[in-house]
Every structure is written in structure tokens, then in C-alpha cells.
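# Structural characterization, general
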Amino acid sequence: EPEWAAFAAIDWADQKNFWRLVPAGSQRHEQGELENTPEAVEVWAAALQQRFGGRPIAVCLEQSRGALVYMLTKYPHLVLFPVHPTTAARYRKTFCTSGAKADPSDTASLLDLLMRHRERLRALQPDTVETRLLHFLVEERRQMVDEKTRQGNRLTDCLKLYFPQVLRWFDEVDSPLVGALLERWPSLEQLQRAHPGTLRRFFHEHNCRSEELIQQRVDGIAQATPATQDQAVLEAGMMMTHGLVKLLETLRGNIAAFDERIAELVRAHPDSALFDSLPGAGAVLIPRLIVAFGTRRERYESAYQMQCYSGIAPVKEASGKTEWVHFRFTCPKFLRQTFHEFAGHSIGKSEWAKTYYEHLTKDEKKSHHAAVRSLAYKWIRIIFRCWKDGKPYDEQVYQNSLRRRGSLLGGALSSATTVGWKAVAGFQKLSEKNA
């Protein structure tokens, strides 16, 4: 550890932040309020730098991302120690069983945690600018994709009221084709007035090449019956449809812009080839896996740390003779989702992953998501070693390693034998029979 000049804690809020500080080697606590503005933070940080001669000051706060964190990281003499809100709340309740809570007392609790248990906290060490930018972009892109799904569901509900035939004629209601059609003909009555030749030309202009499908749609439009004649429902539905179509068009454009910028960052990233070698990782998952591991190799000492932090590793609880294992609830949800989705995609691209998944679902009767989490647990260990060594993943090398170590999966991958799972002493083991 550096030779600390002081220890401080900040309980952040929307308008005002409460701070408490203790100089090193002193027992005298200082406290005050800090406006949540860049100007006020600048004055506070500059005063500390002048007072302590630029020596390092440990600062504990209850967030690892946010406006206050980004304002404080500008100052090299402030070393931030982020604390999870759940950790801070439970530490406070340990010594305040009544449940009383106030911002000044929360600050005192954070400062006590920093001074007494600093070895259990990890100082904030930001990754490279490119990796952090990629991190922000992939998270915001996922938010936009989720928003696009939400608005597509709203459009579906709206069309069910007055124009349900669109849902039968087209598979994706949020596609550019459906948006263009509804913008030009927002109701069945207007669509049926269009000439069949106009409809065919419209479909051709929007990249519909199947003449059989076009004819089915043209015939369906001519034979369709209006769902309602209620003018109130029709007018409200058309206005809602127009607004939702515009929203979806904007979201598609924003997602495309994000995809373009993310692709540029991935191409320039030093680890792009490593994560591109993973089976099942495509244009969307490669950048998410890059930011999941980051570029600082010293961040994780073992794969198990990553498995726990990501929420893939389960939690075991035991009390007396009772013991149970359950899903990990406290974790970065987007990170866990990244590994879960990658493991699911790898099943169709990796032979050993497919074998392992089928064993879990068919022989051990695990649910789909439980089996995918178990597969993700294995994948993290594999990717971690590739990431530490800086070497791309090689499916054949890993399969040979499984066979060389006598792994059950290695035996299952052998083409010369047929493999079945059997129960031995209460455990599932592979039994091999010559083909």
C-alpha cells in the first residue's frame, strides 16, 4: 500500500454529497457537505491536494460507476475504493441493529469499513479508454435492442385491435418492410384501395423477391375483413401505429450506428483475434466478451474469481446437517447474461460443448438454463487461460487435451467408441463400448 495521507468516505446523493475525513495518524474526524457539481468537487479535491501536498488519499464510496466517480477519477491523488451497496448496508446494520439510517451516519460507516477492512476492498483501476468505451457502447446497444423489442410488442398489441392481419402476413412486425407499409397504408381500408400492381412494386422495392409470397400477400389483402368499424378505435390505432413506426425506425438507425462504431473498436482491439476464435461468438458477442475480461491481466488471479464475480458460479449454503446450492443473485447482470448467451451459442458450434450440454439435460435431467450455466462455468475457465496466455482458442487442441487427461468428455468425443452414461456409486460416469 502507498503511504496514505488521509482516509475519506463520501455518501453520494443527487443534490448533495456528505463526506468524512480522517488524516493519517489522527483520530480527529472532519465532515461536511459537498454539492454534486463539477465545480464543487474541483474545489474540494484541490483543497485536499494542497493540504496534503499531493500525497495519496484513500476515498471510499458506494458506487463504481456514476457521475461522482467520473468526476473524482480526474484527480491522481484520490484513490477510490468502491463498495457494493449491499456490503455497505449490511456493514451499517451490523452495528446499528435498530435500522436507523442517515447520510452522515452512512458516511461514518463507510469510513470505518475503509480504515478497518481495507485489505478486503479493491482500489478502482480503470481499464484502457478503448475498452471502457467499448463497455459503454455494448451496454447501451443492448438497452436499445431491449427498447426496440418493447416498442415492437406495443405495436403488436396496437395492431391486434384494428389491423391484426399484418401480424399474419409478416413474421417481424418491427422490420423496415412492415414500418414502410404501415406508414403508407396505416389501415386495412386504405391498403385494400391500392392496386395489385402497386403492391407488387412496393414489395419489390423493399427487397421481397419471392413471387409466390408476394402473391399470397396480395390475395390476402384483397380477401381480408376489417377487424372493427369503430372509428374511435381506428383513428387512435392509426395515430399510435404512426408514432411507434417512427420510434422503431429511429431505434434501428441508432443500433446500426452503434454496431458500426463497435465493429471499428473491435477491429483495433489487441484481443479481437483471441475472442474471435471462440466458437459461437459473433459480431455481437465478441465485443461483449472483450469487455467482460478487459485488457488488464492482473485484474483476476484465477478463473474462479471471474466465475464468482460474473454470477455464473453457484452459491453454497450450509447450516448444521442442511446444505443447499442456489443461483447467485448479487452480480453484474449484463456480465452474467453475456456468458450465458455465449455458452448457449457455443452448443451448436463446439462438439465438446454439445456433448456436455446433452449429458446435463438428458442424463442429469437439468433444465436448459441450469445446463447452460454449467457450460458457461467451463467456458470461463478455458477463456481465462487463453486470455492470460494471449493465445486464441483452438477446438482441436482442447479436445486433444481432454483425451490426453482421460476426461470423460474426451472419451465421449472419440469417434471410435460409442459412449453412454451410467450411474456408478451414485455418480454419473461414462462407459465406453467398442463400436
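Let me begin by describing the structure that accompanies this report. None of these values were measured; they are calculated from a predicted model. (Residues numbered from 1 in each chain as written. Predicted model: local features only at pLDDT ≥ 70, side-chain atom pairs only at ≥ 80, totals over all residues. Heavy atoms only, no water.)

### Here we look at the pattern of salt bridges
For the structure on display, the rule yields 18 salt bridges. The salt bridge involving Glu 30 is made with Arg 51; its shortest N-O contact spans 2.7 Å. Taken together, the residues Glu 30 in strand β3 (residues 30-35) and Arg 51 in helix α1 (residues 38-51) connect sequence positions 21 residues apart. On the accessibility criterion, Glu 30 (15% relative accessible area) is buried. (Salt bridge = Lys/Arg side-chain N within 4 Å of Asp/Glu carboxyl O. Helix = DSSP H or I, 4+ residues; strand = E, 2+ residues; numbered from the N terminus. Buried < 20%, exposed > 50% of the residue type's maximum accessible area, 1.4 Å probe, protein only.)

### Some points on the environment of Glu 33
With respect to the helices and strands, Glu 33 occurs in strand β3. Spatially, the C-alpha atoms of Glu 33 and Trp 324 are 46 Å apart, while their sequence positions differ by 291 residues. With sequence-adjacent residues up to four places away left out, Glu 33 is seen in contact with Lys 16, Asn 17, Phe 18 and Trp 19. Separated by 3.3 Å, the side chains of Glu 33 and Lys 16 make a polar contact. (Contact = heavy atoms within 4.5 Å. Polar contact = N/O pair within 3.5 Å; in protein donor to acceptor, adjacent residues only side chain to side chain.)

### Some details on the nonpolar core
For soluble globular proteins, the rule of thumb is that nonpolar side chains tend to be buried together. The biggest cluster of nonpolar side chains holds 50 residues, and the ones touching the most others in it are Phe 275, Leu 278, Phe 293, Phe 339, Trp 352 and Trp 379. Sort the elements by how many residues they give to this core and helix α17 (residues 368-389) lands first, with 11 residues. With near-sequence residues (within four places) excluded, Phe 275 lies in contact with Ala 281, Ile 286, Leu 289, Ile 290, Phe 293, Ile 383 and Trp 387. Listed in part, the 29 residues of the second largest apolar core include Tyr 162, Leu 182, Ala 194 and Phe 203. (Core = buried A, V, L, I, M, F, W, Y, C linked by side-chain atoms within 4.5 Å.)

### Structural notes on the sheet that holds strand β2 (residues 16-23)
On the basis of which strands lie adjacent, the open sheet formed by five strands has the order β3-β2-β1-β4-β5 and mixed pairing. The two strands at the open ends of the sheet, each matched to only one other strand, are β3 and β5 (78-82). If you compare each strand with its neighbour and ignore which way they point, the axes differ by 25 degrees on average. Pairing geometry for strand β1 (residues 6-11) and strand β4 (residues 57-61), over five bridges, is parallel. The residue of β4 that forms the bridge with Ala 6 is Ile 57. Helix-sheet contacts for α1 involve β1, β2, β3, β4 and β5, and the interaxial angle to β3 is about 145 degrees. Where helix α4 (residues 103-116) meets the sheet, it contacts β1, β2, β4 and β5, and its direction lies at approximately 140 degrees from that of β1. (Pairing = 2+ DSSP bridges. Axes fitted to C-alpha atoms, helices over the stretch in contact; angles between N-to-C directions.)

### Overview of unusual backbone geometry
For residues other than glycine, phi is negative in most cases, and the peptide bonds are mostly trans. Phi is positive for Asn 207, which is not a glycine, with a value near 65 degrees. Within the secondary structure, Asn 207 is located in the loop between α9 (196-205) and α10 (211-223). Backbone geometry at Lys 365 places phi at a positive 60 degrees, although glycine is not the residue there. Along the chain, Lys 365 turns up in the loop between α16 (351-363) and α17.

### Looking at the packing of helix α3 (residues 85-95) against α4
For the pair α3 and α4, the least separation of the axes is 10 Å and the interaxial angle reads 100 degrees. One finds that α3 runs roughly perpendicular with respect to α4. Contacts between α3 and α4 involve Ala 88, Tyr 91 and Arg 92 from the former and Asp 106, Ser 109, Leu 110, Asp 112, Leu 113 and Arg 116 from the latter. Taken together, the residues of the contact of α3 with α4 sort by class into four nonpolar, one polar and four charged. (Parallel < 35°, antiparallel > 145°, perpendicular 65-115°, else oblique. Nonpolar A, V, L, I, M, F, W, Y, C, P; charged D, E, K, R; others polar.)

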